[in-house]
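Okay, here's what each chain looks like letter by letter:
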Amino acid sequence: MDLSPHVDGAGTCALCATADTADARYCRHAVAGLEQRRHCSEAIAATLGYCASHAELIETADEQSEFAALYAAAAARLVDRFEREPDFTRTAVFDAQHACPACQWRDRHVGREAHRWLALAGTGLTWPPLCIDHLHTAIGIAPQGALQPLLAQQGEQLRGCADIARVAGSPRSARRWRARMCRLLAERRFEQVADLFDAPALCPVCGWIAQTIERWIDSVRTAVRIGADGETVFPLCAGHVWIAADECGDAAAAIAAHAAAAVCRSLAAGLQAIQRDERADAEARASVWYRRRSPAYVLGQWRRGALRMPACLPCLLAATALEFAVEAVVDVLGSTRQRGRLERGHGLCMKHFAYAALLAPRGSARDALIAMQTEKLRALAGQRSAAVSAHVRAESELPAGSPGPGTALSHLSAAA
Ligand SMILES: [Zn+2]
Ligand SMILES: [Zn+2]
Ligand SMILES: [Zn+2]
Ligand SMILES: [Zn+2]
């Protein structure tokens, strides 16, 4: 196998290295000039805030006061959207699902690097070893002729692998994600979602998801302690592989091997499906009725089938916890007492507000939810009037009386 000279035998993923470099530069880039700051506050408002990993990155960065001003500007933009777009709360859930501004910046860099590797692969060099998440990136851009060699080569490299850095790439993003969950939960446990309604520093939905992940980690620990093979609890995405491995150090190799085996099975199945499709097409050519399929359609089918991983258990649990907690919030909107608790507490982060607003029944319950969120955002925007926000210019100034960057970030990011 002709490995590129760029690989140097290093075990970790080349695209993870690019992602880490982009992350390290993000905060300075976002506040580097007036234009960037304006763009950044627009992006925060458009995506309803940061993901947990990037929120943690920002919270530990040097540029705290600059970001505090950006959150205030983003909050003002959101208040403005509430007032000017009557349908905003019906469609906000799509904004909430977008990659966060820092993820978008990182993914642009990773995409460029992936295309550079693709060009090198075309000149006879093969891809460097990729982690399970970045395999999707490579498959997503590989042209028809490069797809089979890519699947075969990566499957070959991962077979029998128990090296966690090789399988799951860089741990940095996952460790920031976990650090945020731990700090916000602070080892507290809750019996029901309602116990989180008046929590002062945590969105109840974020808190419930974080607790669900803690419970999953407990189940991984139990599986490791009793010597079970972990088949039913071990994770399959890079982030959760690192989180589980960091918590259950002794089992890191077993967790990595489990994920690697799943990827290998999936790559082999993808490769077989492509070969079956090629054989079927070759046989069909003999027929007078043969009609050539669109190459774009064939490539799309091949890529979709190339890496069909089984669902990652903690990812599934987090999605279910989100749904359960949002429903619990929506259910009590009719109760003045419970709504009062939500008002007194931290309230929903913008991303989870978007889900709640979609589910809340039309009428007084939804109106109350929107009023509550607008009030929180107004406080974040610091007395800046909504009318001014359309021409936010002074992103570099800290508005008087606005809450600190930590509070603003917890409203404009998810914690889990
Ligand atoms: Zn990677
Ligand atoms: Zn992000
Ligand atoms: Zn939340
Ligand atoms: Zn996962």
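The shown structure was predicted, so the numbers you read here are calculated from the model rather than taken from an experiment.

Rules used throughout
- Residues numbered from 1 in each chain as written.
- Chains lettered and ligands numbered in written order.
- Predicted model: local features only at pLDDT ≥ 70, side-chain atom pairs only at ≥ 80, totals over all residues.
- Helix = DSSP H or I, 4+ residues; strand = E, 2+ residues; numbered from the N terminus.
- Buried ≥ 20, exposed ≤ 12 C-beta atoms within 10 Å, placed from the backbone.
- Contact = placed C-beta atoms within 7 Å.
- Axes fitted to C-alpha atoms, helices over the stretch in contact; angles between N-to-C directions.
- Parallel < 35°, antiparallel > 145°, perpendicular 65-115°, else oblique.
- Left-handed = near helix turned anticlockwise from the far one by under 90°.
- Nonpolar A, V, L, I, M, F, W, Y, C, P; charged D, E, K, R; others polar.
- Core = buried A, V, L, I, M, F, W, Y, C linked by C-beta atoms within 7 Å.
- pLDDT = per-residue confidence, 0-100.

### A short note on the overall build of the chain
- In terms of helices and strands, the chain carries 20 helices and zero strands.
- A principal-axis box enclosing the C-alpha atoms of the chain has dimensions of 70 × 55 × 50 Å.
- Burial statistics for the chain: of 416 residues in total, 44% are counted as buried.
- If you take every contact in the chain between residues at least 6 apart in sequence, the share linking residues at least 24 apart comes to 84%.

### Focus on the packing of helix α2 (residues 34-47) against helix α4 (residues 64-84)
- Their axes nearest at 8 Å, the elements α2 and α4 cross at an angle of 50°. The angle between the axes of α2 and α4 places the two elements in the oblique class. Helix-helix and strand crossings are classified by hand; for α2 and α4 the assignment is right-handed. Judged by residue contacts, Arg 37, Cys 40, Ser 41, Glu 42, Ile 44 and Ala 45 of α2 engage Leu 70, Tyr 71, Ala 73, Ala 74, Arg 77, Leu 78 and Arg 81 from α4.
- Residue classes in the contact of α2 with α4 are distributed as eight nonpolar, one polar and four charged.

### Overview of the packing of helix α5 (residues 88-96) against helix α17 (residues 350-359)
- Running from N to C, α5 and α17 cross one another at 140°; their axes reach a closest spacing of 8 Å. With respect to α17, the element α5 is oriented oblique. Note that α5 runs across α17; the crossing there is left-handed. Counting all contacts with α5, which are made through Thr 89, Arg 90, Ala 92, Val 93, Asp 95 and Ala 96, the residues of α17 involved are Lys 351, Ala 354, Tyr 355, Ala 357 and Leu 358.
- Considered class by class, the residues forming the contact of α5 with α17 number seven nonpolar, one polar and three charged.

### A closer look at the nonpolar core
- Counting residues in hydrophobic clusters, the biggest one holds 128 residues, and the most contacted among them are Tyr 71, Cys 206, Val 241, Ala 256 and Ala 259.
- The leading source of residues in this core is α4, at twelve residues.

### Focus on helix α3 (residues 52-59)
- The element α3 is extensively covered by neighbouring structure, given that seven of its eight residues are classed as buried.
- Within the span of α3, buried status applies to Ala 52, Ser 53, His 54, Ala 55, Glu 56, Leu 57 and Ile 58.

### Overview of the environment of Ala 325
- Mapped onto the fold, Ala 325 is located in helix α15 (residues 313-331).
- A tally of 26 C-beta atoms within 10 Å means that Ala 325 is categorised as buried.
- Here the alpha-carbon distance between Ala 325 and Pro 204, two residues 121 residues apart in the chain, equals 7.4 Å.
- In this view, Ala 325 contacts Val 193, Pro 204, Val 205, Trp 208 and Ile 209; residues no more than four positions away in its chain are not counted.

### Remarks on unusual backbone geometry
- Its identity as a non-glycine residue notwithstanding, Leu 48 has a phi of 60°, on the positive side.
- Its place among the elements puts Leu 48 in the loop between α2 and α3.
- With a phi close to 65°, Glu 187 is a non-glycine residue in the positive phi region.
- By the element assignment, Glu 187 lies in the loop between α10 (172-185) and α11 (204-225).

### Concerning the environment of Asp 246
- Structurally, Asp 246 is set in helix α12 (residues 238-247).
- Since 15 C-beta atoms lie within 10 Å of it, Asp 246 is described here as partly exposed.
- Remark: the alpha-carbon pair of Asp 246 and Thr 336, spanning 90 residues in sequence, is separated by 43 Å.
- If sequence neighbours within four positions are ignored, Asp 246 has contacts with Arg 175 and Arg 178.

### A few points about the environment of Tyr 71
- By the element assignment, Tyr 71 lies in helix α4.
- Judged by C-beta crowding, with 30 C-beta atoms within 10 Å, Tyr 71 ranks as buried.
- Between the C-alpha atoms of Tyr 71 and Ala 45, which are 26 residues apart in sequence, the distance is 8.8 Å.

### Structural notes on α17
- Within α17, eight of the ten residues are buried, leaving the element largely enclosed by the surrounding structure.
- Along α17, the positions that sit buried rather than exposed are Met 350, Lys 351, His 352, Phe 353, Ala 354, Tyr 355, Ala 356 and Ala 357.

### Description of the confidence of the model for the chain
- Averaged over the chain, the pLDDT score is 88; the fraction of residues at 70 or greater is 91%.
- Contacts from residues 1-10, a stretch scored under 50 in pLDDT, to residues over four places away or in other chains number twelve contacts.
- Scored below 50 in pLDDT, residues 383-403 makes 44 contacts in the model with residues more than four places away or belonging to other chains.

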